[in-house]
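Below are the chains, spelled out letter by letter.
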Amino acid sequence: MPHIGDLVAEMLAQYGVELVFGMPGGQTTALHDGISRRTDRIRHVLMRDERNAAYAADAYARLTGKPGVCDVTVGPGANLLPAGFLEALNASIPMIGIVGELPLDWLSLKEKGIASQGFDQLSFFKTFSKDAWLVPSVEALPDLIRTAFRVATAPRPGPVALIIPHDIFDAEWDESSIKVAVDHRACRAPFIRSAPTRSAVDQAADLIRSARRPAIVYGGGVHGADAVTEAVSFADRLGGLVVTSLTGRGSVPETLPYAAGALNPLGSYAAIELIKEADLVIWCGSKASQNTAMNWTLPLPEQATITIDADPNEHGRTFLPTVCLFGDVKEALTMLNDVLEQQDHPEWLDRIATVKAEGEAQKAEEIASERIPVNPPRAMAELAKRVEPDDIVVSDASFSAGWIANYLPARKAGRHFLYARGQGGLGYSTPAAIGAAATRPGTRIITVAGDGGFSYTIGELATQVQNNQKIVNIVLNNGRLGWIQLWQEIFFKNVQSAMLENQSCQPNFAQAASGLGLLGIYVEKPDEIGAALDRAFAHDGPSVVEIRIDDLATPIHSFKRRMREGSDTARPRPGTVYKLREWKVSADLRKEPK
Ligand SMILES: Cc1ncc(C[n+]2csc(CCOP(=O)(O)OP(=O)(O)O)c2C)c(N)n1
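Computed from a predicted model, the values in this text were never measured in an experiment. (Residues numbered from 1 in each chain as written. Predicted model: local features only at pLDDT ≥ 70, side-chain atom pairs only at ≥ 80, totals over all residues. Heavy atoms only, no water.)

Caption draft 1: Geometry of the layout of surface pockets. Here the second largest pocket is characterised by a volume of approximately 470 Å³. What lines the second largest pocket is a set of 27 residues, among which Ser 268, Glu 360, Lys 363, Ala 405 and Asn 406 lie closest to the centre. The set of elements that each furnish at least two residues to the lining of the second largest pocket consists of β9 (259-262), α11 (269-275), α13 (346-367), α15 (399-407) and α22 (557-565). A per-element tally of the lining of the second largest pocket places α13 first, with eight residues. The class makeup of the residues in the lining of the second largest pocket is 13 nonpolar, seven polar and seven charged. (1 Å grid on protein atoms, 1.4 Å probe; cavity = no way out; pocket = protein on both sides within 12 Å on 5 of 7 lines; lining within 4 Å. Points joined across faces, edges and corners; volume = space filled by probe spheres on them. Helix = DSSP H or I, 4+ residues; strand = E, 2+ residues; numbered from the N terminus. Nonpolar A, V, L, I, M, F, W, Y, C, P; charged D, E, K, R; others polar.)

See below:
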């Protein structure tokens, strides 16, 4: 007779899940057994660490819109999930964690690991999940699986944990009494969409018509709502500036004249400068986070604003919007596109072109550098020549995010750049690349990480080899936790706690990669970079290109200025977070509601 592992595998398959990422334990063996009998529909990718399983599942979810499923065993497996779960929670990524558990009637033995590996998993998961359930019986399981998919994919999507006790997992599945039933709406996020009111859309359209220098900030919510087509049409119609958050990159091709790149302290110079000149800013699928809102110095008090978001909590968290379009991003943009005629702002577009050209000139200087150790812009420019519009680029945390944002343009609309900005945790890129490569076989995957972030997950390089994944991993090695070390040098002057190297330890990541079966190439000189990348891209399997970079290079504009000008040791402080009282929008833009 089949067992409950078969039931879970069957339901996952019927929900359209093709990949499950995880690490087995005795308590979850039934699941693995069940999946092994459904290999026509579903494949298990064995990771080397549960944290990485969640990151791989996160990449699968970002690329498919389906919940990323990861499986972990009780105790030491479960307690490695928070990093990936928190990323998914903060970035609104649908995810389902299937978590092993001790037998249900061992409740009193969980404490202090008396029953091996036990602890109060339900309370633990509740703190960092959208929701979590301890399955109480075989009979309750199908409904809880349905619930898990519905909650994970409901606006706003997030990670849920389904904790399945060992005795339930191993029980027999009587198919005549325990029926599988699938809610097909919940195979993908968002499973249900809301729409703003007609009057709010009309108000927004009026405001847009009266603006002279309109701008849009597209956030990750555009991809979350699968609204790229609508976002491009709306941007075309607006005839103004378009910038994005890091996760919103690809909402429009950045090669278009109105697109000025990523708005972030380590993002595009043009985006940072131009957004301040807008008289209307439309925040669309963006939570106006500390980074996207430039330490909450944005929006400026004199800027009119429109928020477009399916989550009511985002309409006024850090500023009072002039107009709220409370609804799904795709629906709201469709409604706006229906009522708004083509807007025309030639002077504003000229200004955008001028500032973009200034930014490009600054970059050209940095790219030309022949410096040794290599200036990262030089390395990124060599990489940019080889990245194709359909490749997937995965960013680690820290400066890599800025190097990618500035030097690898999103040439095509769609989610081709994966950034873990929900938490900004180091160690995302290597496992997420595994998830991306498994999700899109045949697509080239590129990661960029610092030596600190890369060190977190180096063991997963073996997983890349084992799965024969075509991943080019770039390690920008500055021998230090660059961001932190610069912070210490600029603001504290004497702390030196972020050095990853000293005389007795200079890790060679390319050699380590070779040891794990990858092609490993170490590069020290600018003129070696091109050939190294060519070899890596031509290699039939994963590779690591380690580039020794200048340890003072940074993409953070304010750091660059401080290092140029010296003396200013005042640490950056967030702007006024809630801009309710200091509103100064001019009367012609600040229309009263009809
Ligand atoms: C998991 C985690 N721990 C700590 C941090 C804090 N942190 C932010 S940047 C950074 C330095 C990263 O160094 P590296 O990966 O070498 O990149 P670089 O700054 O040199 O570009 C640290 C430790 C973090 N973001 N994530």
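Caption draft 2: Examining the sheet that holds strand β17 (residues 519-523) more closely. As summarised here, the arrangement of the six strands in space is β14-β13-β15-β16-β18-β17, forming an open sheet in which the pairing is parallel. For this open sheet the edge positions go to β14 (417-418) and β17, each flanked by a neighbour on one side alone. In the sheet, strand β13 (residues 392-395) pairs with strand β15 (residues 445-450) via four bridges, with the strands oriented parallel. Residue pairing in the sheet places Ile 392 in a bridge with Ile 445 of β15. On top of the sheet, α15 reaches β13, β14, β15 and β16 (471-477); it is set at about 150° to β13, its chief contact. (Pairing = 2+ DSSP bridges. Contact = heavy atoms within 4.5 Å. Axes fitted to C-alpha atoms, helices over the stretch in contact; angles between N-to-C directions.)

Caption draft 3: Looking closely at the pattern of salt bridges. Scanning the entire structure with this criterion turns up 36 salt bridges. For Asp 49, the salt bridge identified is with Arg 51, shortest N-O distance 3.9 Å. The pair Asp 49 / Arg 51 is uniform in exposure class, with both members buried. A salt bridge links Glu 382 to Arg 378, with the nearest nitrogen and oxygen atoms 3.8 Å apart. One end of the pair is Glu 382 and the other is Arg 378, both in helix α14 (residues 376-386) and four residues apart, which spans about a single turn. Three or more residues joined by partner-sharing salt bridges are found here, namely Glu 370, Arg 378, Glu 382, Lys 385, Arg 386 and Asp 534. (Salt bridge = Lys/Arg side-chain N within 4 Å of Asp/Glu carboxyl O. Buried < 20%, exposed > 50% of the residue type's maximum accessible area, 1.4 Å probe, protein only.)

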